[in-house]
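Overview (structure and organization)
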Amino acid sequence: PDGRTLELRSIEPVELHDRNGKVSALGWIAHHDYTGAVPTPMNVKGVRLRSGNIQIGTHDLLQEMFKEERFNSWIVGELHILDERIIPNARRDNFEQNVAWTELTNQFLPIARRLSDVCRNTSIRRNWQKRVELAAKRAEENLDLVEERPSGIMGHKFHEAAEAALD
């Protein structure tokens, strides 16, 4: 909707187990370039939960598991609940709060933390890149000014400093 594209680069399978080692959920996380929140109109953001192939809750059901809740909206993924002890509530907007649900969320927590780190590192890298680009733009503008009106030794030093900054 905003002209950005979402290029999925790889799919990571997810398998969560209960304390007895039985599979409680299967799913996937789609990795992409993590440039920010996935636009809502794409209808894919967040880790979505399904029980009996019916979506339970919205994309933000697991957002509190992330180091920063907003990072859930940077993720594209799905978990299919297989454990019959994990029961959707009557409104289908969450699950009954029981031991099995707590086990599942405890199993998902390290994944959410790792994905949070990926989002945070990508955000830091992107911000540094923006700062470098802005500094380069300023240096080019200063260099253009000096080239238009050189003024003695100070102008020459300013010119050298601007060229060094660009290098």
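For the structure, check the block above.
This text gives an overview of the structure that appears in the document. (Residues numbered from 1 in each chain as written. Predicted model: local features only at pLDDT ≥ 70, side-chain atom pairs only at ≥ 80, totals over all residues. Heavy atoms only, no water.)

Hydrogen bonds between backbone groups are what pair the strands of a sheet, and the pairing can be parallel or antiparallel. Ordered by their spatial adjacency, five strands build an open sheet running E1-E2-E5-E3-E4, and the pairing between neighbours is mixed. In the strand order of this sheet, the two ends are held by strand E1 (10-17) and strand E4 (54-56), each with one partner. Strand-to-strand twist in this sheet, taken as the mean axis angle between neighbours without regard to direction, amounts to 25 degrees. Looking at chain direction, strand E3 (residues 46-51) and strand E5 (residues 76-81) are connected through six bridges and run parallel. In the strand pairing of E5, Leu49 is matched with Leu79. (Pairing = 2+ DSSP bridges. Helix = DSSP H or I, 4+ residues; strand = E, 2+ residues; numbered from the N terminus. Axes fitted to C-alpha atoms, helices over the stretch in contact; angles between N-to-C directions.)

The final tally for this structure, using the stated rule, is three aromatic pairs. Look at Phe71 and Trp74: their rings are 5.1 Å apart centre to centre, the planes differ by 80 degrees, and that puts the pair in the edge-to-face class. For Phe71, a relative accessible area of 1% corresponds to the buried category. On the numbers, 4.8 Å between centres and 20 degrees between planes, the contact of Phe95 with Trp101 is stacked. The lysine or arginine in question, Arg131, covers the ring of Trp128, its NZ or CZ lying 5.1 Å from the ring centre. (Phe/Tyr/Trp six-rings, centres within 6.5 Å; stacked < 30°, edge-to-face > 60°. Buried < 20%, exposed > 50% of the residue type's maximum accessible area, 1.4 Å probe, protein only. Lys NZ or Arg CZ within 6 Å of the ring centre and 35° of its normal.)

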